[in-house]
Amino acid sequence: MTTAAVRARGITKTFGDVVALGGVDLDVPTGTVHGLIGPNGAGKTTLLGLLLGLATADTGHLEVLGAPVSRALGVPDGVAGFVDGPGLYPGLTARQNLAALVSLRGDSARSPDDVDDALHEVGLTDVADDRLRGFSLGMRQRLGLAAALLAAPRLLVLDEPANGLDPAGTRHVHRVLTRLAAAGTAVVMSSHRMDDLAALCHDVTILHLGQVVFTGAPRDLAAASDERDVRVVTTDTAAARRIAADVPGLRTGHDAVPAAVPLDPDALVVHGTATAVDELVARLVGAGVAVRELGPFVPPLEAAFLALTGDADAPTQTATLLRAGADHEEPVR
């Protein structure tokens, strides 16, 4: 039976008149990856800070690795991670940064080989002797993860670890987090990247205005959204558009998505229930219009998130990020 790495009940945290967390419950079993999702200002970073002992809750009860957390007790050994990006020395190399952190912790059990192993695990061996000031955002995130690995964490807390990662960096991070969870480490991570959460997380918690609006498996979150945006590519787009206009409960074009989102002239975007989409496909086939592609315009996990938080602008933001290639690692100049 798995045990709880994190158990929170009724956690509140305020900053002046701002309620960052308003009665949050959270359970994270050992050996699992738990995702925190929410719009900016939802309370994700505040909650992660509490787990790392960077702040204490105003009210409520928080246990980490079986020990109560308070201002006097702090957090137990075995907790590692970062919020708002890892704290590193820009004038030192990647290897020197990790060696310095090991020294500051007074960890005599760690050797230079352990430092090299951590760099290898996150894919930074080739830049181990490069100074940090030339690193991209994604490379810094990976170095922060390497630093956390050297602490042999039983609870790993990460704030947007996928920021700035290119596909190769993403694979390294996914591989590390999957290995840690399989070995019994609990991972709590925030992310705006729904693909990461769907691929990695056993469970997710959605925060909105400091409140939990959903907690459970990503597949259950996706199922919570009855309607979806679907992209359809056919052999006759004009005919498909006419047919879709007659399907009850189905919206098309900019009636389905925000006007700021550019639409592919060779594809049809519709919004409706799974039943309505099924009816569209049946009518297309009946009319002799072949369906070449059928898939989500917004990923199911993201669609459910938008439905629960009421963020109507997020599809526009997502499309803009995809067009700009915002996830590509670029060196910091």
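Residues numbered from 1 in each chain as written. Predicted model: local features only at pLDDT ≥ 70, side-chain atom pairs only at ≥ 80, totals over all residues. Heavy atoms only, no water.

An unreviewed UniProt entry annotates the protein chain as ABC-2 type transport system ATP-binding protein of Luteimicrobium subarcticum. Regarding the protein chain, the relevant UniProt record gives this comment under Sequence similarities (unreviewed entry): "Belongs to the ABC transporter superfamily." (UniProt positions renumbered as here; feature names shortened; annotations may be inferred.)

In this section: the environment of Thr3. In this structure, Thr3 sits in the segment before β1 (4-15). When the C-alpha positions of Thr3 and Leu65 are compared, they lie 8.8 Å apart, and in sequence the two are 62 residues distant. (Helix = DSSP H or I, 4+ residues; strand = E, 2+ residues; numbered from the N terminus.)

This next bit is on the nonpolar core. Ranked by size, the top nonpolar core spans 46 residues in total, and within it Leu98, Leu119, Leu143, Leu145, Leu156 and Leu177 carry the most contacts. Here this core takes 7 residues from helix α4 (residues 137-149), the largest share from any one element. Of all hydrophobic cores here, the second largest spans 26 residues; its members include Leu21, Val24, Leu47 and Val157. (Core = buried A, V, L, I, M, F, W, Y, C linked by side-chain atoms within 4.5 Å. Buried < 20%, exposed > 50% of the residue type's maximum accessible area, 1.4 Å probe, protein only.)

We now examine the sheet that holds strand β9 (residues 203-208). Overall, mixed pairing links the 6 strands, which are arranged β6-β7-β8-β3-β9-β10 in an open sheet. Two strands lie at the open edges of the sheet, namely β6 (79-82) and β10 (211-216), each paired on one side alone. Averaged over all pairs of adjacent strands, the angle between their axes in this sheet comes to 15°, without regard to strand direction. Looking at chain direction, β6 and strand β7 (residues 155-159) are connected through 4 bridges and run parallel. By the bridge assignment, Gly81 is partnered in β7 with Val157. On the sheet, helix α1 (residues 44-51) packs against β3 (33-37), β6, β7, β8 (186-190) and β9 and is oriented at approximately 150° with respect to β7. On top of the sheet, helix α5 (residues 167-182) reaches β3, β7 and β8; it is set at about 155° to β7, its chief contact. (Pairing = 2+ DSSP bridges. Axes fitted to C-alpha atoms, helices over the stretch in contact; angles between N-to-C directions. Contact = heavy atoms within 4.5 Å.)

Take unusual backbone geometry next. One non-glycine residue, Ala152, adopts positive backbone phi at about 50°. By the secondary structure assignment, Ala152 is in the loop between α4 and β7. With a phi angle near 50°, Glu160 is a residue other than glycine that sits in the positive phi range. Mapped onto the elements, Glu160 comes out in the loop between β7 and α5.

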